[in-house]
Amino acid sequence: MEPSINVVQKLTNGGSRDVGPVELRHSMCSTHDDRIASTERALLAAGYKHSTGVAELGRCINVVVPSAFNQKAVEQQITSLCTISANNGMVYMNWSGDVGGSFVFVSGDYVAIDPSAK
């Protein structure tokens, strides 16, 4: 969680800058169809909209969450989606999105911020 919180702090100047509403995309993957199906049911039950596609690591579910961009919102999203993912035997991979004019990608300890993205 620490790399995600550091990104939030950096892009919001410690919470003093409002970057406006964002849509963060969270990805989770598995090679097991039954795990994909149970995760899709859990996401629907929790009210999340999602899409499923094929990636290098098997099949992945992408969940797009519109919200404010602040520490509390990002923590809640990651905690909720990691819990759903783990409870259904999937691997939570990353989150990304356009934040305040920059494209952000966070996967574990890896963080990329591209300020030239529009």
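Up top is the structure these notes are about.
Each value, and the rule that gives it
Residues numbered from 1 in each chain as written. Predicted model: local features only at pLDDT ≥ 70, side-chain atom pairs only at ≥ 80, totals over all residues. Heavy atoms only, no water. Core = buried A, V, L, I, M, F, W, Y, C linked by side-chain atoms within 4.5 Å. Buried < 20%, exposed > 50% of the residue type's maximum accessible area, 1.4 Å probe, protein only. Helix = DSSP H or I, 4+ residues; strand = E, 2+ residues; numbered from the N terminus. Contact = heavy atoms within 4.5 Å. Disulfide = S-S within 2.5 Å. Polar contact = N/O pair within 3.5 Å; in protein donor to acceptor, adjacent residues only side chain to side chain. Salt bridge = Lys/Arg side-chain N within 4 Å of Asp/Glu carboxyl O. Expected span 1.5 Å × (residues − 1). Pairing = 2+ DSSP bridges. Axes fitted to C-alpha atoms, helices over the stretch in contact; angles between N-to-C directions.

A short note on the nonpolar core
(1) Moving on: If you look at the biggest cluster of nonpolar residues, it comprises 24 residues, and the most contacted ones within it are Val63, Phe69, Leu81, Trp95 and Val99.
(2) Moving on: Listed by contribution, the elements that provide at least two residues to this core are α1 (2–11), β1 (21–30), α2 (33–45), β3 (58–68), α3 (71–87), β4 (91–99) and β5 (102–107).
(3) Moving on: By residue number, the principal contributor to this core is α3, which donates 4 residues.
(4) Moving on: If sequence neighbours within four positions are ignored, phenylalanine 69 has contacts with Val7, Val8, Leu11, Thr12, Val19, Gly20, Val22, Leu24, Val74, Trp95 and Val99.

Notes on the state of the cysteines
(1) Moving on: Counting across every chain of the model gives 1 disulfide.
(2) Moving on: We note that cysteine 82 lacks a disulfide partner, and the nearest cysteine sulfur, in cysteine 29, lies 12 Å from it.
(3) Moving on: By relative accessible area, cysteine 82 is classed as partly exposed at 29%.

Considerations on the side chain of serine 67
(1) Moving on: Position of serine 67 relative to the elements: it lies in strand β3.
(2) Moving on: On the accessibility criterion, serine 67 (17% relative accessible area) is buried.
(3) Moving on: Polar contacts involving the side chain of serine 67 include one to the side chain of glutamine 77, which spans 2.7 Å.
(4) Moving on: Leaving out residues up to four positions away in the same chain, serine 67 has contacts with Pro21, Val22, Ala73 and Gln77.

Observations regarding the pattern of salt bridges
(1) Moving on: Taken as a whole and judged by the stated rule, the model has 1 salt bridge.
(2) Moving on: Taking the shortest distance from any N to any O, the salt bridge between aspartate 33 and arginine 59 comes out at 3.0 Å. You can see aspartate 33 sitting in helix α2 and its partner arginine 59 sitting in strand β3, a full 26 residues away along the chain.

Examining unusual backbone geometry
(1) Moving on: Of note in this structure, asparagine 13 is not a glycine but carries a positive phi near 50°.
(2) Moving on: With respect to the helices, strands and loops of the structure, asparagine 13 is situated in the loop between α1 and β1.

Here we look at α2
(1) Moving on: With 13 residues, α2 extends 18 Å between its outermost C-alpha atoms, agreeing within 8% with the 18 Å of an ideal straight helix rising 1.5 Å per residue.
(2) Moving on: Among all positions in α2, only Ile36, Ser38, Thr39 and Leu43 are buried.
(3) Moving on: Buried positions along α2 lie against β1, β2 (50–55), β3 and α3.
(4) Moving on: Count one or two residues on from α2 and you reach glycine 47, which has phi positive near 90°.

A few points about the sheet that holds strand β6 (residues 110–114)
(1) Moving on: Here 6 strands make up an open sheet; going across it, the order is β2-β3-β1-β4-β5-β6 and the pairing antiparallel. The open sheet terminates on both sides in strands that have one partner only, identified here as β2 and β6. Neighbour-to-neighbour, the strand axes of the sheet open up by a mean angle of 20°, direction not taken into account.
(2) Moving on: Sheet analysis places β2 next to β3, joined by 6 bridges and oriented antiparallel. Bridge pairing links threonine 52 to isoleucine 61 in β3.
(3) Moving on: Against the sheet, α2 contacts β1, β2 and β3, and its axis sits at roughly 15° relative to β3.

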